[in-house]
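# Topology and contacts: notes
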Amino acid sequence: MTVVGASSYQGMRQQDGQSRHALMAFCLIVGVGVIALYGATYLTTSQQQTQTLASHVQTAESLGLSNGQGAYSFGNTATNNGGWKMPADTLVSTSFVTTHAMSGFVSVTVYVIPYAITPTTQLHLGLYVNGALMSSNTVDVSKSRAPIASVVGQIASIPTGEVANFTKSLQGYQAFYPLSNSLPVGTTIGVVAYSNSPIWIQTAQTAVAHSYATSGISTLPKFVPTLSAATMVPDLCIGGESNEA
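First things first, this report covers the structure right here in the doc.

Cut-offs and rules
- Residues numbered from 1 in each chain as written.
- Predicted model: local features only at pLDDT ≥ 70, side-chain atom pairs only at ≥ 80, totals over all residues.
- Heavy atoms only, no water.
- Pairing = 2+ DSSP bridges.
- Helix = DSSP H or I, 4+ residues; strand = E, 2+ residues; numbered from the N terminus.
- Axes fitted to C-alpha atoms, helices over the stretch in contact; angles between N-to-C directions.
- Buried < 20%, exposed > 50% of the residue type's maximum accessible area, 1.4 Å probe, protein only.
- Polar contact = N/O pair within 3.5 Å; in protein donor to acceptor, adjacent residues only side chain to side chain.
- Contact = heavy atoms within 4.5 Å.
- Phe/Tyr/Trp six-rings, centres within 6.5 Å; stacked < 30°, edge-to-face > 60°.

## Remarks on the sheet that holds strand β6 (residues 132-140)
For sheets, the rule is that strands pair by backbone hydrogen bonds, running either parallel or antiparallel. The strand order β6-β5-β10-β3-β12-β13 describes an open sheet built from six strands, whose pairing is antiparallel. Looking at which strands have only one partner, the edges of the open sheet turn out to be β6 and β13 (231-233). Neighbour-to-neighbour, the strand axes of this sheet turn through a mean angle of 25°, independent of strand direction.

This is how it looks when you write it as structure tokens:
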């Protein structure tokens, strides 16, 4: 048996303690290095993701601007809530000649005043491109959620029916047509409307296109009715919208 002296034993303990301290220091350095490396990698990745997202947003915005895409609006505008009582089974047409090329879609909106609407009143809308019917929409206007309007003043009679001013309440109804190809400047966009019961339609104070009525018809024609058999009525407030091509 080998006997170890006290001094030798203490030296071994000192060496063992030094080794442990060295190992702990080494592990600590390695750990800190890994954390630092992970942190730097995470920060770099986050910055790259942020930069990539910003780049995508900027690219999308730049593409829209470079393609010249923007909203194009046309139509007749209103400055008050005046209305004309459109008779039942009467086609009313309004056509606009566009001043911008259009792409993506085209829509037209007619504004109904929710006043004295009988149940199950059906409004039929047709959207026409260069005179030809491209899309249609039928809605039950008696189910409008807009507040019921009230007459301001009195209802007046004119040669083509009745007109009046109302409290501010409107419900817009739309016909929509997606475009597979762009439409050039000078395209004629028309809207034809009729209903099975009389309804009040908002009228325009600033009009670039006139409205015409043809009675005795209860279906949307394939083409805009000719004006030779039509009667001019108060200009309807109609909103048109598309993308600029």
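We are not done yet, so read on.
## Points about the pairing of β6
One ladder, built from eight bridges, connects strand β5 (residues 122-129) with β6; its direction is antiparallel. Counterpart to H124 in the pairing with β6 is T138. Hairpin geometry of β5 and β6 is characterised by an intervening segment of two residues between the two adjacent antiparallel strands and by a positive phi of about 50° at N130.

## Section: unusual backbone geometry
In the Ramachandran plot, D89 falls in the positive-phi region, its phi being about 50° despite a non-glycine side chain. Checked against the element boundaries, D89 lands in the loop between β2 (82-86) and β3 (90-97). The class of D89 is partly exposed, set by a relative accessible area of 33%. One non-glycine residue, N130, adopts positive backbone phi at about 50°.

## Section: the pairing of strand β12 (residues 211-215)
With four of five residues buried, β12 lies mostly within the body of the structure. Pairing of β12 with β13 involves three bridges; the strand directions are antiparallel. Opposite S211, over in β13, you have V233 as the bridge partner.

## Remarks on the side chain of S242
Take S242: it is sitting in strand β14 (residues 238-244). Look at S242 and you get buried, because its relative accessible area is 1%. At 3.4 Å, the side chain of S242 and the backbone oxygen of S103 are in polar contact. The residues touching S242, leaving out its near neighbours within four places in the chain, are G70, A71, Y72, M102, S103, F105, V106 and L179.

## Regarding the packing of aromatic side chains
Using the criterion set out here, one finds six aromatic pairs in the structure. Each ring, one from Y72 and one from F74, has its centre 5.6 Å from the other, and the planes form 35°; the classification is tilted. Exposure class is identical for Y72 and F74. Each is buried. An angle of 55° between the planes, with centres 5.2 Å apart, marks the rings of Y115 and F166 as tilted. Placement of the pair is Y115 in the loop between β4 (102-113) and β5 and F166 in strand β8 (residues 161-166), with a sequence separation of 51 residues. Overall, Y115 belongs to the partly exposed group, its relative accessible area being 23%. Overall, the relative accessible area of 5% leaves F166 in the buried class. These aromatic residues form a ring-pair network of at least three members: Y72, F74 and F96.

Keep in mind these values describe shape, not function.
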